[in-house]
Amino acid sequence: MNIEQTLEQFIINELLMGQNVDIDPNQSLTGSGIIDSLSLLRLIGFIEETFSVQVEDTELNPDNFETLNLMVELIEGKLTHK
Amino acid sequence: MSNRLLFLSGLAILMISVQHATAYGLQAMFSWSNSIQTGAVTPDEVFTSLPYYVTMILRQLAAFAVPGFLFISGYFLAFMARGKNSKVTFQTMLPRIKILLPPFFIWTIIRFAMLRSIPASVEDFFQPYHFIPLLIQFYLIAPLLVPLARKHPVLLLLAFGAMQLGVQYFRYLDDLGMQLTGLSALIAETPRWLFFGQQPFWFPLGLVVGLHTQSIVPRLVKMRWALVAMTVLLAILSVVEYFVADRLNGEIWIGPSFSGFIRNFYILFMILALISIDIAASPVKSFIQTLGSQSLGIYLANIPSIYAVALLMYHLTPWALEIQVIYQVVLTIAGLAIPLLLMRMVRSLNSLRPSYRYIFG
């Protein structure tokens, strides 16, 4: 599974509790109500644990977490500079 | 920061369960226990007992629970507002509000069904789950709060802090039995579930810390041990304030809901200390963070769970009501474990799984 699929599976299974939805890679996750405060914290914990990367406080913004594509870019950037 | 917020969320939900368990503990002490019903123990004797003191101290210390949740929600709003092209508008907040409404109504109905009663007033309807209506109101005024928190953070916090202390000042006078014109009306107009009521400060605080993380958090980290020391000192002082105010009130008990002034500062330093310190990894930390990640669902199911277990114990193990250390611990654990089991059950049943977010948020 690639990064996008891993994230999408986590969001569908753990945050949306298996709701039958397709997430567009460019869909706004906060705008559609998929991500709230607790799910954002869980998502960051999942990213840090699964990809062994550290998300800095300054990176916590919609420019990195608004869509699946933006999250993939953030993680790929971090893995490249590891 | 996300780890610290998750820990704060976990501690907050633990404290919610403690608060609700202590409420039933007090009920047992003063009306449900055999010893009080048979007259073997008088209420005056309860007031001088160790379980009573411990219960009241726990209630004071657990007071940061709902403020902690409001702080985290304010921090999340800051996250939404921090992007280069981010705009917090009513439209962007609407999905969040829509998600909060179904669980609020479901659990309010469940609670009233269990009590076999109907709401006697608006206050009666909103009070038990007051965090949800509070949060919805803050989301509604978010488009106004965000620019203020960006440009005038100190002013915003001073205004909301003054609002909070002002309302509490009048409640303080009322608690101490002062008779002032308009005091009862003012208290009736500032219930806990209205954003300008008793705790308007914590959501804007989270918003300001979130928007100015780079300048605030490193400073807090530098003085983290001072924050911890102040938290301990203010915790002690808030407990002392309660018992002194109760004594000043004379024969009449000041009641379990008296908040006092110092408690505000205890809560403030507690939250700031918790977002400044990295607690070493341990099974306890991991457990608390797990609670934190599911805190909304636990919060919703906590009240009916504790009520059901308290009622069962009243009928099946009345002797346990005499031993508060057993009674309150069992209720606290039940208030966490039953919601977690319910959440797991709904998650694992294919027919119920799609309803999970409507039930547990």
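Residues numbered from 1 in each chain as written. Chains lettered and ligands numbered in written order. Predicted model: local features only at pLDDT ≥ 70, side-chain atom pairs only at ≥ 80, totals over all residues. Heavy atoms only, no water.

Peer 1: With reference to specific residues and values, describe the pattern of salt bridges.
Peer 2: Overall, the coordinates contain four salt bridges over all chains when judged by the stated rule. Salt-bridge contacts for A:Arg42 lead to A:Glu14; the nearest nitrogen and oxygen are separated by 3.4 Å. Taken together, the residues span a long stretch of sequence, with A:Arg42 in helix H2 (residues 37-51) and A:Glu14 in helix H1 (residues 3-15) at a distance of 28 residues. Residue A:Arg42 is classed as buried on the basis of its relative accessible area, which comes to 19%. The shortest N-O distance in the salt bridge between B:Asp278 and B:Arg4 comes to 3.0 Å. Of this pair, B:Asp278 sits in the loop between helix H15 (262-274) and helix H16 (283-293) while B:Arg4 sits in helix H1 (residues 2-32), placing them 274 residues apart in sequence. Residue classification places B:Asp278 among the exposed residues on the basis of a relative accessible area of 55%. (Salt bridge = Lys/Arg side-chain N within 4 Å of Asp/Glu carboxyl O. Helix = DSSP H or I, 4+ residues; strand = E, 2+ residues; numbered from the N terminus. Buried < 20%, exposed > 50% of the residue type's maximum accessible area, 1.4 Å probe, protein only.)

Peer 1: So, the packing of aromatic side chains: which residues are in play, and what are the values?
Peer 2: Residue and element names in this part refer to chain B. Here the structure, examined in full by the defined rule, presents 37 aromatic pairs over all chains. With a centroid separation of 5.9 Å and 40 degrees between ring planes, the pair formed by Trp107 and Phe360 is classed as tilted. A residue pair is termed long-range when its members are at least 10 positions apart, and Trp107 in helix H6 (residues 90-115) and Phe360 in helix H19 (residues 356-360) qualify at 253 residues. Side by side, Trp107 and Phe360 carry an identical accessibility label, which is buried. Clustering of aromatic rings is evident, with ring pairs tying together Phe30, Phe47, Tyr52, Tyr53, Tyr169, Phe170, Tyr172, Tyr242, Phe243, Trp253, Phe258 and Phe261. Between the NZ or CZ atom of Arg111 and the centre of the ring of Phe112, over which it lies, the distance is 5.1 Å. (Phe/Tyr/Trp six-rings, centres within 6.5 Å; stacked < 30°, edge-to-face > 60°. Lys NZ or Arg CZ within 6 Å of the ring centre and 35° of its normal.)

Peer 1: With reference to specific residues and values, describe the environment of B:Leu94.
Peer 2: Residues and elements named next belong to chain B. Mapped onto the fold, Leu94 is located in helix H6. Exposure remark for Leu94: the relative accessible area of 29% places this residue in the partly exposed category. It is 8.2 Å that separates the C-alpha atoms of Leu94 and Leu140, two residues lying 46 residues apart in sequence.

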